[in-house]
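The residues making up each chain are set out below.
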Amino acid sequence: MTAYAEVDPAIDAWALATVKKLFTERADQPARFAYLPGLRPFECFQISIDPPLAGRVAVSARSVDTDDESEFDERWEGPTDALPILLEKATATVQTWVNRPIANGG
């Protein structure tokens, strides 16, 4: 059993509806993360889920690359049964970053 077994059904449901690929390993260790593209050329954002611990789980969203040097990073924590809500919040937050106004001269 992996560290994510308790929350994998919620992660899988989110990934199926939201992303093209869910990554399940990083540096030969269990992990759960996905990349979401921006609307601008070369933009990329990541949503990652920490392994649950003591009935709680954390979700992070961050910019990987932006065309205007903007940096975004936000984190949500809650009980494991709230993971679908946390993933919805992270996805909605990334969408606001994706749809942000273009800076002058951009």
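Figured I'd write up the structure that's included with this text. Everything numeric here is computed off the predicted structure, so don't read it as measured data. (Residues numbered from 1 in each chain as written. Predicted model: local features only at pLDDT ≥ 70, side-chain atom pairs only at ≥ 80, totals over all residues. Heavy atoms only, no water.)

This brings us to the overall build of the protein chain. Helix and strand counts for the protein chain come out as 2 helices and 5 strands. Listing the helices and strands of the protein chain from first to last along the sequence gives α-β-β-β-β-β-α. Expected size for 106 residues packed as a compact globule is a radius of gyration near 13 Å; at 14 Å, the protein chain falls within 12% of this value. The principal-axis extents of the C-alpha atoms in the protein chain amount to approximately 50 × 25 × 20 Å. (Helix = DSSP H or I, 4+ residues; strand = E, 2+ residues; numbered from the N terminus. Rg over C-alpha atoms; globule rule 2.2 N^0.38 Å.)

This part takes up helix α1 (residues 8–18). Structural remark: α-helix, 3.6 residues per turn; residues separated by three or four positions point the same way. Of all the residues in α1, the buried ones are Asp8, Ile11, Trp14 and Ala15. The buried residues of α1 occupy an angular sector of 130 degrees when projected down its axis, which confines them to one face. Facing away from the buried side of α1 by more than 90 degrees, the exposed set consists of Pro9, Leu16 and Ala17. In the core, the buried residues of α1 are packed alongside β2 (29–37), β3 (44–49) and α2 (83–98). (Buried < 20%, exposed > 50% of the residue type's maximum accessible area, 1.4 Å probe, protein only. Arc of directions from axis to C-beta. Contact = heavy atoms within 4.5 Å.)

What follows is about the sheet that holds β2. Taken in spatial order, the 5 strands of this open sheet run β1-β2-β3-β4-β5, and their pairing is antiparallel. Either end of the sheet is taken by a strand with one partner, and the two such strands are β1 (23–26) and β5 (73–79). Averaged over all neighbouring strand pairs, the angle between strand axes comes to 30 degrees, with direction disregarded. As paired elements, β3 and strand β4 (residues 56–65) share 6 bridges and run antiparallel to each other. Bridging from a neighbouring strand, Gln46 pairs with Arg62 of β4. α1 rests against β2 and β3 of the sheet, and its axis sits at about 25 degrees to β2. This element, α2, spans β2, β3, β4 and β5 of the sheet and lies at about 15 degrees to β4. (Pairing = 2+ DSSP bridges. Axes fitted to C-alpha atoms, helices over the stretch in contact; angles between N-to-C directions.)

The subject of this paragraph is unusual backbone geometry. Not every positive phi belongs to a glycine, and Ala27 is a case in point at roughly 55 degrees. Locating Ala27 in the fold gives a position in the loop between β1 and β2. Owing to a relative accessible area of 69%, Ala27 belongs among the exposed residues under this scheme. Backbone geometry at Glu69 places phi at a positive 70 degrees, although glycine is not the residue there. Within the secondary structure layout, Glu69 lies in the loop between β4 and β5. By relative accessible area, Glu69 is classed as exposed at 68%.

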